[in-house]
2 protein chains.
Amino acid sequence: MAPKVTLREVADAAGVSTFTASKALNGGKGVSEKSCDKVLSVARQLGYVPNLAAQELRGAARNSVAVITAGTDNAYYLDMMNGIQKAAQAADQSVVLMDIAVKGAYSEELESRTVQRLLEARMSGVISTLTLRPESIARLAEWDVPIVFVDSTPPEGMGHLPSITTDNHGASLLVGEHLASFGYTDWMFLAYPDIWSSRRTREDGLREAAQRAGAQLQVVEAENSAKAACAALTEAMEARNERLPDVLITGNSPLLLGAMEAMSQLRIKAPDDMAIVSYDDFAWAPFVEPPLTVLDERAEEIGMRAARTLVQIISEQAQAIKAGDNAAPNYRKDLTQQVPVGLIVRRSCGHKGKETS
Amino acid sequence: MAPKVTLREVADAAGVSTFTASKALNGGKGVSEKSCDKVLSVARQLGYVPNLAAQELRGAARNSVAVITAGTDNAYYLDMMNGIQKAAQAADQSVVLMDIAVKGAYSEELESRTVQRLLEARMSGVISTLTLRPESIARLAEWDVPIVFVDSTPPEGMGHLPSITTDNHGASLLVGEHLASFGYTDWMFLAYPDIWSSRRTREDGLREAAQRAGAQLQVVEAENSAKAACAALTEAMEARNERLPDVLITGNSPLLLGAMEAMSQLRIKAPDDMAIVSYDDFAWAPFVEPPLTVLDERAEEIGMRAARTLVQIISEQAQAIKAGDNAAPNYRKDLTQQVPVGLIVRRSCGHKGKETS
DNA sequence: TGGTAACACCTAAACGTTTAGGTATGGCTG
DNA sequence: CAGCCATACCTAAACGTTTAGGTGTTACCA
């Protein structure tokens, strides 16, 4: 039918200039109602579809934000993405997914290539789920591309960049208190690598909590996958011989899954042989045997807030540019947020008086 | 530093014309090695980043594919997206996520708006996880945008459009046989709405299987969310008074989750009071109480195949255009694929001799 | 009647690329 | 040395928009 209709053609067909046509389509002023209607109807009839590339080239506002992740087989990210989607949709921004893991493992080189592509496409902003390299961030800054970190923090010395995270420190203390209330003193933390900055905060919080509770904390690190977690935990347990820790704290739900696998192989029963508690709530936690005590980070909420924050920065930036001001994004101090977490107590952490479902 | 460097500036700085510069950067021929090196080094030094919008405007190949979903709080989609990502990445295509659900529920109007945006952005192709309206498809066809359906089929009468699905019919027969082997004759199917076309195929397969097994099949429909499923199942159970079905078959994992919730509230124990089996394998299935018997659809594999198929169509299209041929995508018959499923037997479906963990 | 303000509209120049078509330069052939 | 071809390069015209700056036309007022 109408595979390619340009604005020029619409204008000609309507008997006006491209100027008038453009104004009419964009609801601008300075066009009589008659011309406006005429243009609109002709456009519809011809099946006119504006060319975004041309618009953008001419200096229109950018309209897609990139979400950078690294190997996400985690339901947590689904929720987060949903939140991001919703907020972005509301602000008329498309969401472009960019994963910088090459086979489940983070890749520096891919990070660079990805940032490059993102610049080439003149994206309006970036949401990153992990701490990018300072080099990448400098690159984005040069080009005035705003960035918001989510569930992760900016690298050392770049604290002015906004981040939306769970209150990981608080979460750890919360867990710690809960563990202390059971009298557990031998804790093991199964952690993912620290390209995800939450790893550090969580660990530090646990250390502090352990100290307060007079407990000791052993940290075991594994690649961020169930398989790796299973192997790492098995090894750690063997190294300890028969002596099980009182409680295992897993850093997120893929690690938890791996841990459950390992425990099932080693015939360790929770919570009697060893209690278990994990970061990241997920839908199935109540139905697992035993029902799992977890921290609820409200991933969707976090995603939504991050996207809203980014969108706001972008729109302020657009205003500033229109006003002829500095095009650099203005990162106000109050953009960084910590979302409080809840501890959802189920049975995996031990019995004690009455229990919640 | 270098917020905006145009090709012209690079060319000037290198003392050549834009033509030469362009050729040099794109590794084209007809440029002496000396000029080429010069241009490249100057470009690097100035921090030149090509403008994709300009390139595209001038007629370069498109470079992002859209993935259309509707309200995906389902881990199944995460795996699928991972597969899509991988294949798209390999073909240098960006992945743009477009959800056409407005509050968890599919919205016709949003579908239209989304297709419009997708056209405006001149995306290179579409992967859809649900059966789009014929109107939308016509729109895409007008603009020669290739489409591949994944985990869903094209609408009535458009069978030439490729789709990558699980062998849903086969899967249903598989389940049916399994149920029959336990002697179950009273089956209930908890299904999602049929904008997802797999609903029909699954139901038809179950009907056939039920007939073969001399069983009866009751179908209960719910919106595609755990909450809705919980409510619908509770209602259905009440309507049947005390008489429980022998087995409940849930259409996907959010529905399964809702069903488990309802069963827990109604104090129905699986598999003794009622067996349960579900479509969609997911990571936690082995650890739920009871461990769940499920169908494994290999979501990542499906996603990967879909993306590869789309990429191939796109590249053939690009070739045809370059050769001056018809720009319409060429959908060959053999692009449509059915991926076989596996039945993973655990305990939720009943006891019988030896069992798999 | 002339002055002027408001309005509807137009022409033409951008935006940053690619590329068709052309022009020097030099080397080879006969 | 004329004739020819490759090679390396250039000029200028697209691609489809937006928009600054300008030109009528009408309407109103003194």
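Along each chain, residues carry numbers from 1 onward, in the same order as the chain's sequence is written. A letter from A marks each chain and a number from 1 marks each ligand, given out in the order of writing. With the structure being a predicted model, the display of local features is reserved for residues of pLDDT at least 70 and the display and counting of side-chain atom pairs for 80 or more, all residues being used for whole-chain, interface and lining totals. Heavy atoms throughout the structure, all of them, feed into the side-chain values; hydrogens and water do not.

Colleague: Quick question: what am I supposed to make of the protein's contact with DNA strand C here?
Modeller: Surrounding DNA strand C, one finds 24 residues, the nearest of these being A:Ser17, A:Ser35, B:Leu7, B:Ser22 and B:Arg58. Considering DNA strand C, the proportion of its atoms within 4 Å of the protein that are sugar or phosphate atoms stands at 60%. Distance and chemistry together define a polar contact, namely a pair of N or O atoms within 3.5 Å, with one atom able to donate a hydrogen and the other to accept it when in protein, and with adjacent residues in sequence counting only for side-chain atoms on both sides. Side-chain polar atom of A:Arg58 to a base nitrogen of DNA strand C: 3.2 Å apart, as the coordinates give it. B:Ser22 has a polar side-chain atom sitting 2.5 Å from a phosphate oxygen of DNA strand C. By convention in this text, a residue qualifies as near a molecule or strand provided that one of its non-hydrogen atoms is within 4 Å of it.

Colleague: Which parts of the structure should I look at to understand the pairing of strand E3 (residues 125–128) of chain A?
Modeller: Residues and elements named next belong to chain A. Every second residue of E3 is oriented toward a common face, with Gly125 and Ile127 on one face and Val126 and Ser128 on the other, all of them buried. Where E3 meets strand E4 (residues 147–150), three bridges bridge the pair, whose relative direction is parallel. Among the inter-strand pairings, Ile127 is bridged to a residue of E4, identified as Val148. The parallel pair E3 and E4 is bridged by helix H7 (residues 134–142), and the resulting crossover is right-handed. The buried label goes to any residue with under 20% of its type's maximum accessible area, the exposed label to any with over 50%, and the partly exposed label to all in between, with areas taken from a 1.4 Å probe on protein chains only. Only DSSP runs of H or I covering at least 4 residues are called helices, and only runs of E covering at least 2 are called strands; the numbering of each starts at the N terminus. At least two bridges found by DSSP between two strands is the condition for calling them paired. Place the viewer so that the strands point away; then a crossover is right-handed whenever the path from the first strand over the helix to the second strand goes clockwise.

Colleague: Even after reading the chapter, I still don't get the packing of aromatic side chains, so can you show me in this structure?
Modeller: Each aromatic ring pair is summarised here by two numbers: the centre-to-centre distance and the angle between the ring planes. Between the rings of Phe, Tyr and Trp (Trp by its six-membered ring), a pair exists once the centres lie within 6.5 Å; its type follows the angle of the planes, with under 30 degrees stacked, over 60 edge-to-face, and the other angles tilted. Counted under the stated rule, the structure contains twelve aromatic pairs over all chains. Seen from their ring centres, A:Tyr192 and A:Trp196 are 6.3 Å apart, and the 85° between their planes marks the pair as edge-to-face. You'll find A:Tyr192 and A:Trp196 in the same group, each marked buried. Summarising the aromatic geometry, the rings of A:Trp284 and A:Phe287 are spaced 6.0 Å apart at their centres and angled 65° between planes, so their arrangement reads as edge-to-face. Neither A:Trp284 nor A:Phe287 differs from the other in exposure class; each is buried. An aromatic cluster of at least three residues, connected via ring pairs, comprises A:Phe282, B:Trp284 and B:Phe287.

Colleague: Hey, could you run me through the interface of chain B and chain A in this one?
Modeller: In this complex, chain B contributes 55 residues to the contact, which on the side of chain A involves 55 residues. Among the residues chain B hides against chain A, the three largest losses belong to B:Val49, B:Trp284 and B:Phe287. Together they make up 16% of the total. The working definition used for a salt bridge is a side-chain nitrogen of Lys or Arg within 4 Å of a carboxyl oxygen of Asp or Glu. The tally of links from chain B across to chain A stands at two salt bridges. With its nearest N and O atoms 3.0 Å apart, the salt bridge here joins A:Arg117 to B:Asp92. Mapped onto the side of chain B that touches chain A, the elements with two or more residues apiece are helix H4 (52–57), helix H5 (75–90), strand E2 (94–99), helix H6 (108–120), helix H7 (134–142) and helix H11 (253–265) of chain B. In this classification, the charged set is Asp, Glu, Lys and Arg, the nonpolar set is Ala, Val, Leu, Ile, Met, Phe, Trp, Tyr, Cys and Pro, and all remaining amino acids, among them Gly, are polar. Among the residues making up the side of chain B that touches chain A, the classes are represented as 30 nonpolar, 13 polar and twelve charged. Contacts were defined at the residue level, with two residues in contact if any of their heavy atoms lie within 4.5 Å. The buried area of a pairing is the accessible area, by a 1.4 Å probe, that goes missing from both parts when the two are put together, added over both.

Colleague: What should I look at first to understand the relation of the copies chain B and chain A in this one?
Modeller: A rotation about an axis combined with a shift along that same axis relates the two copies of the chain. With an RMSD of 0.2 Å, the operation that places chain B on chain A is a rotation of 180° combined with a shift of 0.1 Å along the axis. Here the transformation between the copies is reduced to the relation of a two-fold axis. The least-squares superposition of copies is restricted to C-alpha atoms, and to residues with a pLDDT of at least 70 in both copies.

Colleague: Please clarify how empty space enclosed by the protein should be interpreted in this entry.
Modeller: The method is simple in principle: a probe with the dimensions of a water molecule rolls over the atoms, and the space it marks as empty is what remains. Residues are called lining when one of their atoms sits within 4 Å of a cavity or pocket point, these points coming from a 1 Å grid over the protein atoms alone, where a cavity is a set in which a 1.4 Å probe fits but cannot get out and a pocket is an open set with protein on both sides within 12 Å along at least five of seven lines. Grid points are joined across faces, edges and corners, and a volume is the space filled by probe spheres set on the points. With the rule as written, the count across this model stands at five cavities of 30 Å³ or more. Quantified by volume, the largest cavity comes out at close to 400 Å³. Taken together, 21 residues make up the lining of the largest cavity; nearest its centre are A:Ser64, A:Ala121, B:Glu56, B:Ser64 and B:Ala121. Elements with a minimum of two residues in the lining of the largest cavity: helix H4 (52–57) and strand E2 (94–99) of chain A together with H4 and E2 of chain B. Partitioning the lining of the largest cavity into residue classes produces ten nonpolar, six polar and five charged. Here the second largest cavity defines a volume of roughly 250 Å³.

Colleague: Before we go on, may I ask you to explain helix H3 (residues 33–46) of chain B in this structure?
Modeller: In an α-helix, one turn spans 3.6 residues; hence positions three or four apart end up facing the same way. Residue and element names in this part refer to chain B. For H3, with 14 residues, the first-to-last C-alpha span of 20 Å sits near the 20 Å given by 1.5 Å per residue. Every buried residue belonging to H3 is among Ser35, Cys36, Val39, Val42 and Ala43, and all of these are buried. All buried residues of H3 project into a common sector of 140° when viewed along the axis, lining one side. In H3, those exposed residues whose orientation departs by more than 90 degrees from the buried face are Glu33, Lys34, Arg44 and Gln45. Residues of H3 that are buried in the fold lie against helix H1 (7–14) and helix H2 (18–25). Of the residues trailing H3, Gly47 is marked for its positive phi of about 70°. Helix span, expected: 1.5 Å multiplied by one less than the number of residues in the helix. Relevant arc is that of directions from the helix axis to the C-beta atoms, nothing else.

Colleague: Mind showing me how you'd approach the pattern of salt bridges here?
Modeller: Charged atoms that come close allow side chains of opposite charge to pair. Taken as a whole and assessed by the stated rule, the structure comprises 38 salt bridges over all chains. Between B:Glu135 and B:Arg133 there is a salt bridge, with the nearest N and O atoms lying 2.8 Å from each other. Shared partners join several salt bridges into a network, and the residues in it are A:Asp194, A:Arg199, A:Arg200, A:Glu203, A:Arg207 and A:Glu221.

Colleague: Just checking my understanding: could you explain the sheet that holds strand E10 (residues 293–296) of chain A for this structure?
Modeller: To summarise the sheet geometry, strands pair through backbone hydrogen bonds and adopt either a parallel or an antiparallel arrangement. Residue and element names in this part refer to chain A. Strand order in the open sheet made by the six strands is E7-E6-E8-E9-E10-E12, with mixed pairing throughout. Across the chains shown, the open sheet's two edge strands, defined by having one partner strand only, are strand E7 (216–221) and strand E12 (342–344). Averaged over all neighbouring strand pairs, the angle between strand axes comes to 20°, with direction disregarded. Note on method: axes are straight lines fitted to C-alpha atoms, helices fitted across the in-contact stretch only, with angles between N-to-C directions ranging 0 to 180 degrees. Lying over the sheet, helix H10 (residues 226–239) contacts strand E6 (186–191), E7 and strand E8 (247–250), oriented at roughly 150° with respect to E6.

Colleague: How do you make sense of the protein's contact with DNA strand D when you look at a structure like this?
Modeller: Taken together, 25 residues surround DNA strand D, and among them A:Leu7, A:Ser22, A:Arg58, B:Thr20 and B:Ser35 come closest. Restricting attention to atoms of DNA strand D within 4 Å of the protein, one finds that 59% of them are sugar or phosphate atoms. Within the contact set of DNA strand D, a phosphate oxygen lies 2.7 Å away from a backbone nitrogen or oxygen of B:Ser17. In the model, a phosphate oxygen of DNA strand D is placed 2.4 Å from a nitrogen or oxygen of the B:Ser35 side chain. At the level of secondary structure, the elements contributing two or more residues to the surface near DNA strand D comprise helix H2 (18–25) and H4 of chain A together with H2 of chain B. Along the lines of polarity and charge, the residues of the surface near DNA strand D split into ten nonpolar, 13 polar and two charged.

Colleague: Just checking my understanding: could you explain the environment of A:Thr309 for this structure?
Modeller: Residues and elements named next belong to chain A. Of note, Thr309 is situated in helix H12 (residues 299–322). A relative accessible area of 6% places Thr309 in the buried class. In this structure the C-alpha to C-alpha distance between Thr309 and Ile147, which are 162 residues apart in sequence, comes to 9.6 Å. If near-sequence neighbours (up to four positions away) are discounted, Thr309 is found in contact with Val148, Ile164, Leu335 and Gln337.

Colleague: I tried to follow the confidence of the model for chain A on my own but got confused; where do I start?
Modeller: A low pLDDT score tells you not to read the predicted coordinates there in detail. Confidence of the predictor at the level of single residues is captured by pLDDT, which takes values from 0 to 100. Residue-level pLDDT values for chain A average 91, and 97% of them are 70 or greater. In this model, residues 353–357 of chain A is a region of pLDDT below 50 whose contacts with residues beyond four sequence positions or in other chains number five contacts.

Colleague: Could you clarify how one ought to interpret the packing of H2(B) against H3(B) in this entry?
Modeller: Pairs of packed helices are described in terms of their axes, by the angle between the two and the distance that separates them. Residues and elements named next belong to chain B. Their axes nearest at 9 Å, the elements H2 and H3 cross at an angle of 85°. The pairing of H2 with H3 is recorded here as roughly perpendicular in orientation. Here Thr20, Ala21, Ala24 and Leu25 of H2 come into contact with H3, specifically with Ser35, Cys36, Val39, Leu40 and Ala43. For the contact of H2 with H3, the per-class residue count stands at seven nonpolar, two polar and no charged. Reported orientations rely on four angle classes, namely roughly parallel under 35 degrees, roughly antiparallel over 145, roughly perpendicular from 65 to 115, and oblique for the rest.

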